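What follows is the residue order along each chain.
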Amino acid sequence: MRELVRSGDFTLGKVVGEFEAMFAEAVGVRHAIGVGSGTDALKIPLKALGIGPGDEVITTANTFWATVGAIAEAGARPVFVDCDDSFCMDVAQLDGALTSRTRAIMPVHLTGDVTDMPKVMAFAERHGLAIVEDGCQSLMAQLDGQPAGTFGVAAGFSMHPLKIINVWGDAGVVVTNDDEMDRKCRLLRNHGLRNRDEMEILGYNSRLDSVQAVVGKWILRQIEDIVRRRAENAAYYDAGLRDVAGIRLPPRNPRVRNVYLLYMFFAERRDALLEYLVAHGVEAKVHYPVPIYQQDALRFLGHKAGDFPVTDRHAREVITLPVDQHLSVAELDHVIETVRNFYSRK
Ligand SMILES: *Cc1c(COP(=O)(O)O)cnc(C)c1O
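Parameters at a glance
Residues numbered from 1 in each chain as written. Predicted model: local features only at pLDDT ≥ 70, side-chain atom pairs only at ≥ 80, totals over all residues. Heavy atoms only, no water. Pairing = 2+ DSSP bridges. Helix = DSSP H or I, 4+ residues; strand = E, 2+ residues; numbered from the N terminus. Axes fitted to C-alpha atoms, helices over the stretch in contact; angles between N-to-C directions. Contact = heavy atoms within 4.5 Å. Buried < 20%, exposed > 50% of the residue type's maximum accessible area, 1.4 Å probe, protein only. Arc of directions from axis to C-beta. Near = heavy atom within 4 Å. Polar contact = N/O pair within 3.5 Å; in protein donor to acceptor, adjacent residues only side chain to side chain. Areas by Shrake-Rupley, 256 points an atom, 1.4 Å probe, with all protein chains shown as cover. 1 Å grid on protein atoms, 1.4 Å probe; cavity = no way out; pocket = protein on both sides within 12 Å on 5 of 7 lines; lining within 4 Å. Sits in = over half its atoms within 2 Å of the grid points. Nonpolar A, V, L, I, M, F, W, Y, C, P; charged D, E, K, R; others polar. Domains from an automatic or database assignment. Buried area = accessible area lost by both parts, 1.4 Å probe. Salt bridge = Lys/Arg side-chain N within 4 Å of Asp/Glu carboxyl O. Points joined across faces, edges and corners; volume = space filled by probe spheres on them. Phe/Tyr/Trp six-rings, centres within 6.5 Å; stacked < 30°, edge-to-face > 60°. Lys NZ or Arg CZ within 6 Å of the ring centre and 35° of its normal.

Q: Break down the sheet that holds strand β8 (residues 154-158) for me, with residues and values.
A: Ordered in space as β1-β9-β8-β5-β4-β2-β3, the 7 strands form an open sheet in which the pairing is mixed. The sheet is open, and its two edges are formed by β1 (31-35) and β3 (77-81), each paired on a single side. Within this sheet the neighbouring strands show an average axis-to-axis angle of 30 degrees, counted without direction. Sheet contacts for helix α3 (residues 38-48): β1, β2 (56-60), β5 (130-134), β8 and β9 (172-176); angle to β8, the most-contacted strand, approximately 165 degrees.

Here it is, written out as structure tokens:
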């Protein structure tokens, strides 16, 4: 950080390039492009594909706001598909979302799991669609040994403080193996500038802050440790909670290396459990109590409650426990005990 301050190189520059090289290597891709947020890391590849007004992008009905925000910021219309109990897209329902205006699919690897990408890719190929993966919750996750974010033409990752790799504010990364996608994203993040004086296309100011690149380099060195600790914590919870009557764990797909950004399960009397956990010092949360497709902001899409029944059921049943790398065994035990106590009362 001191070196950065002395250099005065506060936008782009050497440290951003170093961070991007490290990130590309960690994910196993040719190019990583640092941008201002995870949302921008989804919007910029869509813009690079030329997606805009009149186009439709298929995504999941249970995702975080940013996925839909990125599609809308690109000027396209979000079209939803329901999820399954892995919390990822139910790929069998893609057919029903396809129209003559569909240009791309944005599968969301939610909670640290990975969407069934071979099926999404086969569908996309059959219909001539691009795939931009929302990898924001699943950095370093894998399906059949292949990293999340390497199935589509591009993927977006977030380094928001609540994500797997967290910096000191907002930051995001686009990854791609496609040279032209890389070139366009680099233009788009920096006003479309080819060089200091020549603007090739209209773009944005969405550069990864050099200060965040310094933090990113520091934490990226710990990435393997972080995802291993998260997976260990999740396995510990699974063992401690599996037999609790009142709880159902989601399926654990043996083909997936899950990085457990969110340790989520299905709970009877969910709202009472949430209240009980919070009252006993457990930072439990619900992801997400009101599905995005039912939010006021998306009323123009014309959806109504019940359109995506699995998403609706999840909104009523899911609960999230803390699972990060900083938790001690005593803290994990406290969480398990508190859940068990809740279900054994009366
Ligand atoms: C966090 C997140 C994003 C991006 O969020 P930013 O806050 O813009 O970094 C996108 N999609 C999902 C599913 C996320 O969880």
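Q: So what's going on with helix α9 (residues 270-279)? Residues and values would help.
A: What α9 keeps buried is the set Arg 270, Leu 273, Tyr 276 and Leu 277. Across the axial projection of α9, the buried residues extend over an arc of 125 degrees, all falling on one side. Turned more than 90 degrees away from the buried face of α9, the exposed residues are Asp 271, Glu 275, Val 278 and Ala 279.

Q: Account for the site of the ligand, naming residues and giving values.
A: Near the ligand there are 15 residues, and of these Thr 39, Asp 134, Gln 137, Ser 158 and Lys 163 occur at the shortest range. In this structure, an oxygen atom belonging to the ligand sits 2.5 Å away from a side-chain N or O atom of Thr 39. Contacts to the ligand include Lys 163, whose side-chain N or O atom sits 2.9 Å from an oxygen atom. In isolation the ligand exposes 390 Å². Once the protein is present, 93% of that is buried. Most atoms of the ligand, that is more than half of them, are within 2 Å of grid points of the largest pocket. Secondary-structure elements contributing two or more residues to the shell around the ligand are α3 and α4 (65-73). Considering each element in turn, the shell around the ligand owes the most residues, 3 residues, to α3. Here the shell around the ligand is built from residues that sort into 5 nonpolar, 8 polar and 2 charged.

Q: How would you summarise the side chain of Glu 56 if you had to cite specific residues and measurements?
A: Relative to the assigned elements, Glu 56 resides in strand β2. Exposure remark for Glu 56: the relative accessible area of 5% places this residue in the buried category. Once residues within four sequence positions are removed from consideration, Glu 56 is found in contact with Arg 77, Val 79, Thr 99, Arg 101, Thr 102, Arg 103 and Ala 104.

Q: Got a sec to walk through the domain arrangement of the chain? Specific residues and values, please.
A: Interface size is often expressed as the accessible area that is lost when the parts come together. In terms of domains, the chain is made up of domain 1 (2-220) and domain 2 (223-344). Between the C-alpha centres of domain 1 and domain 2 there is a distance of 25 Å. In this complex, domain 1 contributes 36 residues to the contact, which on the side of domain 2 involves 35 residues. Of all residues in domain 1, the largest losses of buried area upon contact with domain 2 belong to Asp 85, Phe 87 and Ile 164, amounting jointly to 20% of the total for that side. At the junction of domain 1 with domain 2, the criterion picks out 3 salt bridges. One salt bridge connects Asp 85 with Arg 313, and the closest N-O pair in it is separated by 3.0 Å. Where domain 1 touches domain 2, the interface holds 13 residue pairs in polar contact (both at pLDDT 80 or more). Secondary structure elements with two or more residues in the side of domain 1 that touches domain 2: α4, β3, β6 (142-143) and α7 (210-220). Considering every element that reaches the side of domain 1 that touches domain 2, the biggest residue donor is β3, with 4 residues.

Q: Tell me about empty space enclosed by the protein, and name the residues and values.
A: Applying the stated criterion to the full structure yields 2 cavities of 30 Å³ or more. Its volume calculated, the largest cavity comes out at about 90 Å³. Contributing to the lining of the largest cavity are Asn 62, Phe 87, Leu 110, Met 264, His 287, Tyr 288, Pro 291, Thr 311, His 314, Ala 315 and Val 318. Broken down by element, the lining of the largest cavity gets its largest block of residues, 3 residues, from helix α10 (residues 309-317). Within the lining of the largest cavity, the residues separate by chemical class into 7 nonpolar, 4 polar and no charged. Both domain 1 (2-220) and domain 2 (223-344) contribute no fewer than three residues apiece to the lining of the largest cavity. By volume, the second largest cavity is sized at about 60 Å³. Along the walls of the second largest cavity sit Ser 86, Phe 87, Thr 111, Asp 113, Pro 250, Pro 251, Arg 252, Asn 258, Tyr 260, Leu 262, Tyr 263 and Met 264, which together make up its complete lining. Class assignment for the residues of the lining of the second largest cavity results in 7 nonpolar, 3 polar and 2 charged.

Q: Describe the packing of aromatic side chains, naming the residues involved and giving the relevant values.
A: Think of a pair of aromatic rings as described by two things: how far the centres are apart, and how the planes are tilted against each other in angle. This structure, assessed with the given rule, holds 13 aromatic pairs. With centroids separated by 4.8 Å and ring planes inclined at 85 degrees, the aromatic side chains of Phe 342 and Tyr 343 adopt a geometry described as edge-to-face. Judged by relative accessible area, which is 1%, Phe 342 ranks as buried. Judged by relative accessible area, which is 14%, Tyr 343 ranks as buried. Through successive ring pairs, a cluster of aromatic residues spans Tyr 237, Tyr 260, Tyr 263 and Phe 265. Looking at Lys 43, its charged tip hangs above the ring of Tyr 204, at a distance of 3.9 Å from the centre.

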